[in-house]
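Notes for the structure review
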Amino acid sequence: MLNEPRNESASRAAQSGGDEHCVYKNVARLLAEEPQLEAVAFQPSNQLLSIATIGSDRGQRIADRVSEAVAERQKQCGMIDASGNCEQCGEPPSRKVGDANVVVKEVLGSTVIEKLTCRTATRFWKWNKVRWPRTGCCAPAGSAVDPDEWKRLAVLAGLCLFFGLSAVAAQHFGAAHSLVLVLFGLSYIVGAWDAAAESWQRLREGDLDIHFLMLAVAVGAALIDAWSEGALLLFLFSSSGAMEHFAGARTQREIGALLRGAPKTATVLQNGNEVERAVESLHPGVQLRVRAGEQVPIDLRVTRGESACDESNLTGESRPMPKQPGDVALAGTLNVWGVIDGVALRAASESALQKIVKLIEQAQHLKAPSQRFSDRFGTRYTYLVLAICTGFFMVGWLAIGWSPFLRSAGQTSAFYRAMTLLVVMSPCALVLSVPSAILSAIASGAGRGVLFRGGAAIETLADVRTVALDKTGTLTEGIPTLVRIDTFKGDEAAVVAAGYNLARLSHHPLSRAIQKIGAQRAVAVEDFTHAQSRAGGGISARRRGLLHVLGNREFVRTAIAGSLCDASRAEDHDVAEVWVAGPGFCGRFLLRDQLRPEARAMLDQLRRAGIRTVMLTGDRAATATLIARAAGVDDVQAQLSPEDKVAALQALKRLGGKVAMIGDGVNDAPSLAAADVGVAMGARGSDAAMEQAEVVLMNDRLENFVTAYKLSRRAKRIIGENITIALGTVIIMALLSITRGIPLSLGVVAHEGSTVVVVLNSLRLLFVRTPV
């Protein structure tokens, strides 16, 4: 029940201090955050990075987080040198981590950071290699591709076309051969400039990619005096590169819109005076004032004043949300009409807005299963193409008797036909088929209030056949209103004061409701110590050495014997009971949570799509059944602990088909991790839920799950279309090239045309603004 204490101090401490940029600190933090992650091994001299996990790393989520963490520290110049020391300060890792639960040691030339565990447990570790991030030192954190890069590539493609057409025209009108060669040479230089730089970088790393193949064909065309075909190839290839960068820039622009116009300064209340301070310098607990028409600079809890905030840029909610004492105003939202004072909840770098942007950036690096397949297939396919074309050249020359290099008796040479085959079999469109669709879907979802944390989430959600839902904050609005307060011992003021201050230690929707009640009654803030929580039960803490308890009936009666909290249950099935007891007092809050108005329509849409719905809740059976009937849920399982919810999900998965879980609180985090696809409810949901979820509904609107589902189905369909177009073009044109022989120019048009079609097909996800 109320089992979500704010226990973020440890993770923050791991990042504080003068060595906050050290990679070892970051790895230690990840080890603390990821239960499955057991160890990380570095070998900087050989750029090797490996992780050890308990069980499989589904979707390579943990691997990508580790790689992202190392890349972030590289960008801030806090990387490790070849000897294993921190480049920033030269200290060995053992002096940098400073965590009693982490061990740092050297094993066969690698630095290993691992959790403290028994030797037997290490037998169950599963080691996997992780890509070493290729990021330049001192690049800005979170830096993205230059949004104007496509313009430079478009200019190069345009110049390639201009010089190529000029050369063809000069050749047609009988200009000097040297002038024609100069114009073709200029066309080659500007058309191959970007591809040559990329290919050279890959060759230094021992990789052959599509850029190398295209350059090889262009050079081969020049060697057999087919300059015009080579220039056409380079023009179309550079044009498709500009198109690809345009798609990436468009995606970045959609994401960057979240941060555009974010305030740089804030009004701080200091000793009764207003002081302007930089947002980056704000810390939790500082008092702030936000006037009408200003953006909220940082996540804050309203303490005074009333207003409404426009959250459309963050959550997609078109209606301004009312704010009064006790409510939370999110950073980046617009204060519409009133003046509100509030206390900062967290640093600017940890705000809901920054959290969303960071999750999106991480999502762009998490590859879908089909993308990982196409990456592996594309690399091996490049070598296969080279081998096939070489064999085709040798057979045509030695077995069939074609002229090896020069055109003879009106017949094209073996080399010319091999170059044509090389062009049409190049996997450019295949390599772009999946990532272009995935990035477009991520950007499109972000604009609709849906955050996909990577391509795997998109592909898996498209196959979901069962949806499990939490009740409080998911099917219901998650903003319980007070029905009444019953006091069985002591006075009501003591019950409200204890309830308010204990609720401040939790993120549960019922706790947030009690916090709001206390804020509206101007209850004084009191410090409690020795806070402990029990999943599905409640929270206990001490004040001046005396025990205070907040939670469900059984938890309170067990924690404080003789608390006199023995009144009968509330007769209303649609109310939730939150009991509170302490020295000399005992009482309960009766709260009513309303069913979301959009819940029934959303569940009807899922039912029409053939998806089964199940409600999993820890609430009483009578209350759960009442809500389930009103919402139209197919099945309901009540009075479940977090462990019971995980077991229920495992049973649903055994019935067949993918299972999605929608939740919003820390209680739901294990369930979100256990489901095939975890879906968290919005910016107001808990950090733990958002961390475990693969999909986040940023506007807290349940019906957007249908949008996410339909978008994922459409994205998967477009991925299939892209792969069909790419492979179909290769197969058809390769057969024509081998059996009948086709002009190199036709092969170039077919190859580059399929690439452009794939990119444009993916961009359909980005440009369509009507509901999916």
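These lines cover the structure that appears in this document, whether it is placed above or below. (Residues numbered from 1 in each chain as written. Predicted model: local features only at pLDDT ≥ 70, side-chain atom pairs only at ≥ 80, totals over all residues. Heavy atoms only, no water.)

So, on to the overall build of the protein chain. In terms of helices and strands, the protein chain carries 25 helices and 27 strands. Sorting the 772 residues of the protein chain into buried and exposed places 52% on the buried side. Partitioning the intrachain contacts of the protein chain with sequence separation of at least 6 by distance along the chain shows that 67% fall at a separation of at least 24. Within the structure as shown, the protein chain displays about 33,400 Å² of accessible surface, and the carbon and sulfur contribution to it stands at 56%. (Helix = DSSP H or I, 4+ residues; strand = E, 2+ residues; numbered from the N terminus. Buried < 20%, exposed > 50% of the residue type's maximum accessible area, 1.4 Å probe, protein only. Contact = heavy atoms within 4.5 Å. Areas by Shrake-Rupley, 256 points an atom, 1.4 Å probe, with all protein chains shown as cover.)

The largest bend in helix 6 (residues 177-204) amounts to roughly 50 degrees and is located at A192. V180, L183, F184, S187, Y188, V190, G191, A192, A195 and S199 are the residues of helix 6 that are buried. (Bend = angle between axes of the 7 residues up to and from the residue.)

Spatially, 17-22-21-20-19-18 is the arrangement adopted by the 6 strands of the open sheet, whose pairing is antiparallel. Of all strands in the sheet, those with a lone pairing partner are strand 17 (481-489) and strand 18 (529-534), marking the two edges. The average angle at which neighbouring strand axes cross in this sheet is 15 degrees, direction not considered. Looking at chain direction, strand 19 (residues 538-543) and strand 20 (residues 546-551) are connected through 6 bridges and run antiparallel. Among the inter-strand pairings, I539 is bridged to a residue of strand 20, identified as L550. Sheet strands touched by helix 16 (residues 492-503): strand 17, strand 19, strand 20, strand 21 (575-582) and strand 22 (585-592). Its angle to strand 22, the strand with the most contacts, is close to 65 degrees. (Pairing = 2+ DSSP bridges. Axes fitted to C-alpha atoms, helices over the stretch in contact; angles between N-to-C directions.)

Before going further, it helps to spend a moment on the pattern of salt bridges. By the definition in use, this model includes 20 salt bridges. Residue D341 pairs with R289 through a salt bridge whose shortest N-O separation is 2.8 Å. Here R289 lies in strand 8 (residues 287-290) and D341 lies in strand 14 (residues 340-344), a separation of 52 residues in the sequence. What makes R289 partly exposed here is its relative accessible area of 22%. Between D463 and K716 there is a salt bridge whose closest N-O contact spans 2.7 Å. Taken together, the positions of D463 in the loop between helix 14 (455-461) and strand 16 (464-469) and K716 in helix 24 (residues 704-739) put the pair 253 residues apart, joining distant regions of the chain. Relative accessible area serves as the criterion here: at 33%, K716 is assigned to the partly exposed category. When salt bridges with common partners are traced through the structure, they connect E274, R289, R291, E294 and D341 into a single cluster. (Salt bridge = Lys/Arg side-chain N within 4 Å of Asp/Glu carboxyl O.)

This part takes up the sheet that holds strand 13 (residues 334-335). Taken together, the 3 strands give an open sheet; going across it, the order is 11-10-13, and neighbouring strands pair in antiparallel fashion. Of all strands in the sheet, those with a lone pairing partner are strand 11 (321-323) and strand 13, marking the two edges. Of the pairings in the sheet, the one linking strand 10 (residues 307-310) to strand 11 comprises 3 bridges and is antiparallel in character. Following the sheet pairing, A308 is matched in strand 11 by P322.

Below, the discussion takes up helix 16. Between its terminal C-alpha atoms helix 16 stretches 16 Å, which fits the 16 Å expected from 12 residues at 1.5 Å a residue. Summarising burial for helix 16: 9 of the 12 residues are buried, a large majority. The set of residues buried in helix 16 consists of V495, V496, A497, A498, G499, Y500, N501, L502 and A503. Those residues of helix 16 hidden inside the fold are in contact with strand 17, helix 17 (509-520), strand 19, strand 20, strand 21 and strand 22. (Expected span 1.5 Å × (residues − 1).)

Let us now look at the pairing of strand 26 (residues 677-681). Taking burial as the measure, the 5 residues of strand 26 include 5 buried ones, the bulk of the element. Where strand 25 (residues 658-663) and strand 26 come together, 4 bridges link them in parallel fashion. Bridge assignment links M661 to a residue of strand 26, and that residue is G678. Pairing of strand 26 with strand 27 (residues 695-697), which is carried by 3 bridges, proceeds in the parallel orientation. When the sheet's bridge partners are listed, M681 is paired in strand 27 with L697.

Turning our attention to the packing of aromatic side chains. For any pair of aromatic rings, geometry is given as the distance between the ring centres together with the angle between the planes. If you walk through the whole model with that rule in mind, you get 9 aromatic pairs. On the basis of an interplanar angle of 40 degrees and a centroid distance of 5.7 Å, the ring pair of F393 and W397 is categorised as tilted. Of the two residues, F393 and W397 both sit in helix 11 (residues 369-400), 4 residues apart, roughly one turn of that helix. Owing to a relative accessible area of 12%, F393 belongs among the buried residues under this scheme. Ring centres 5.5 Å apart and planes at 20 degrees place the aromatic pair F488 and W579 in the stacked group. Taken together, the residues span a long stretch of sequence, with F488 in strand 17 and W579 in strand 21 at a distance of 91 residues. Residue classification places F488 among the partly exposed positions, given a relative accessible area of 32%. Three or more aromatic residues joined by ring pairs make a cluster, and in this case those are F393, W397, F405 and F415. (Phe/Tyr/Trp six-rings, centres within 6.5 Å; stacked < 30°, edge-to-face > 60°.)

Where burial is concerned, the two faces of strand 8 differ: the one with L288 and V290 is buried and the one with Q287 and R289 is not. Pairing analysis gives 2 bridges linking strand 6 (residues 265-270) to strand 8, with the strands arranged antiparallel. Considered in strand 8, the bridge of T267 is made with R289. As paired elements, strand 8 and strand 14 share 4 bridges and run antiparallel to each other. Along strand 14, the bridge assignment pairs V290 with I340.

In this section: the environment of K710. With respect to the helices and strands, the residue K710 is situated in helix 24. The sequence separation of K710 and A609 amounts to 101 residues, and the corresponding C-alpha distance is 10.0 Å.

Okay, unusual backbone geometry next. With a phi close to 55 degrees, R544 is a non-glycine residue in the positive phi region. Relative to the helices and strands, R544 is located in the loop between strand 19 and strand 20. Positive phi, close to 55 degrees, is recorded for Q639, a residue that is not glycine. For Q639, the position within the fold is in the loop between strand 24 (635-637) and helix 21 (642-654). The exposed category is assigned to Q639, whose relative accessible area is 56%.

Relative to the helices and strands, T613 is located in strand 23 (residues 612-616). Here T613 is in contact with V467, L469, L603, L606, G632, V633, D634 and D635, once residues within four sequence places are set aside.

Contact geometry for helix 5 (residues 149-172) and helix 6: axes closest at 8 Å, N-to-C directions at 160 degrees. On the basis of the axis angle, helix 5 is roughly antiparallel to helix 6. As for how helix 5 packs across helix 6, the hand of that crossing is left-handed. Its residues assigned to classes, the contact of helix 5 with helix 6 shows 14 nonpolar, 5 polar and 3 charged. (Parallel < 35°, antiparallel > 145°, perpendicular 65-115°, else oblique. Left-handed = near helix turned anticlockwise from the far one by under 90°. Nonpolar A, V, L, I, M, F, W, Y, C, P; charged D, E, K, R; others polar.)

A few words on the packing of helix 13 (residues 428-447) against helix 25 (residues 744-767). One can describe the packing of helix 13 onto helix 25 by two numbers: an axis separation of 7 Å at closest approach and a directional angle of 15 degrees. Compared by their axis directions, helix 13 and helix 25 come out roughly parallel. Between helix 13 and helix 25 lies a crossing whose hand is right-handed. Residue-level contacts link C428, A429, L432, S433, S436, A437, S440, A441, A443 and S444 of helix 13 to H751, S754, T755, V758, V759, S762, L763, L765 and L766 of helix 25. For the contact of helix 13 with helix 25, the residue count by class is 11 nonpolar, 8 polar and no charged.

The next thing to look at is a nonpolar patch on the surface. Judged by side-chain polarity, V182, L186, I189 and W193 come together as a nonpolar surface patch covering roughly 400 Å² of accessible area. With respect to the secondary-structure elements, W193 resides in helix 6. For W193, a relative accessible area of 57% corresponds to the exposed category. (Patch = residues over 30% accessible without salt bridge, like charges linked within 9 Å, V, L, I, M, F, W, Y side chains within 5 Å.)

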